[in-house]
Amino acid sequence: TMFKHHFFLIEAKGVSVERAKLLAEWMQEWGYSFQFIGPDAQLSNIKKDYAENVFFGDKCSGEHAPVMAASKALISFNEHDFPALAMGTLAVGRPVILISTLKKWLSGVGIGFVNSFDKNELKTAIDNIITDEVLEPQKVRAHVMEYHDIKFKAQMKRTLDKFYHEVHKGDAAHPSDCSQCK
């Protein structure tokens, strides 16, 4: 692999200054390199306290992708938004650790959960990710591609076509060459 997977990404959105400081303290205590990624304006007062590269910021997905691919995993406590960064991380074949309220959006291969913002629970989740070194990036990526927009649109069209067919089957306007009837 061309990436070392030597650091953890932490989604900055939804993280208070207090929590950001705790996460940084824990990661340093555990000997892990880390980087905050995504919108981080709320953390501007503490940026001077850390190395310049600790805050990657909010960039386009083209700039995020190589950073996500190079990471060991993404950690996110952002329960206020759709987990776009988590999806992006999974799409490049890297695992994620998420707050459990995000189970409504994501589950499966390469996804670990914590129930709360808790040091011991996060350490356990990180240890599980690290011991799961056999995690195949292709399987992680394949799982998240189930959410791909083109695949979603095609599935939606099939579902709507089937529904339309069931509703209009007896109509005089129903085509005799209907693909649903064959």
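The rules we used
For every chain, the first residue of the written sequence is number 1, and numbering continues from 1 onward in sequence order. Per-residue local features of the predicted model are confined to residues with pLDDT of at least 70, and side-chain atom pairs are confined, for both listing and counting, to 80 or more; whole-chain, interface and lining totals are unaffected and use all residues. With hydrogens and water set aside, each side-chain value is computed from the structure's full complement of heavy atoms. Starting at the N terminus, helices and strands are each numbered in turn, a helix being any DSSP run of H or I of at least four residues and a strand any DSSP run of E of at least two. Expected span of a helix: the number of residues minus one, times 1.5 Å. Remark: exposure states derive from per-residue accessible area (1.4 Å probe, protein chains only) relative to the maximum for the residue type, with buried under 20%, exposed over 50%, and partly exposed in between. Each C-beta atom gives one direction from the helix axis, and the arc is the one those directions make. In this description, a nonpolar core means a group of buried Ala, Val, Leu, Ile, Met, Phe, Trp, Tyr and Cys residues linked to one another through side-chain atoms lying within 4.5 Å. The criterion used for residue contact is that any of the two residues' heavy atoms lie within 4.5 Å. We treat two strands as partners when DSSP finds at least two bridges between them. To obtain each axis, a line is fitted to C-alpha atoms, and for helices this fit is confined to the stretch in contact; angles are then taken between N-to-C directions over 0 to 180 degrees.

Colleague: I'm lost on helix H1 (residues 17–30) in this one. Help?
Modeller: One full turn of an α-helix is made of 3.6 residues, so residues set three or four places apart face in the same direction. Spanning 14 residues, H1 covers 20 Å between terminal C-alpha atoms, matching the ideal 20 Å at 1.5 Å per step. Residues Ala20, Leu23, Ala24, Trp26, Met27 and Trp30 constitute the buried set of H1. Burial along H1 is one-sided: seen end-on, the buried residues are contained in an arc of 165°. Exposed residues pointing more than 90 degrees away from the buried face of H1 are listed as Glu18 and Gln28.

Colleague: What should I look at first to understand the nonpolar core in this one?
Modeller: Soluble globular proteins tend to bury their nonpolar side chains together. Core analysis: the biggest nonpolar cluster contains 46 residues, and Met27, Phe36, Ile75, Leu122 and Ile126 have the highest contact counts within it. Per-element accounting of this core gives the leading share, six residues, to H1. Setting aside residues up to four positions removed in sequence, leucine 122 forms contacts with Leu23, Trp26, Trp30, Ile75, Phe77, Ile97 and Val114.

Colleague: Sorry, what's going on with the sheet that holds strand S4 (residues 73–76) here?
Modeller: Adjacent strands of a sheet pair through backbone hydrogen bonds, lying either parallel or antiparallel. Within the open sheet, the six strands sit side by side as S3-S2-S1-S4-S5-S6. Their pairing is parallel. Both outer strands of the open sheet, strand S3 (55–57) and strand S6 (111–114), are each paired with one neighbouring strand and no more. Neighbour-to-neighbour, the strand axes of the sheet open up by a mean angle of 25°, direction not taken into account. By the bridge criterion, two bridges tie strand S2 (residues 33–37) to S3 in an arrangement that is parallel. Following the sheet pairing, isoleucine 37 is matched in S3 by glycine 57. The strands touched by H1 within the sheet are strand S1 (7–11), S2 and S4, with S2 carrying the most contacts at an inclination of about 155°. Most of the contacts of helix H3 (residues 84–91) go to strand S5 (residues 96–99), to which it runs at about 160°, and overall it touches S1, S2, S4, S5 and S6.

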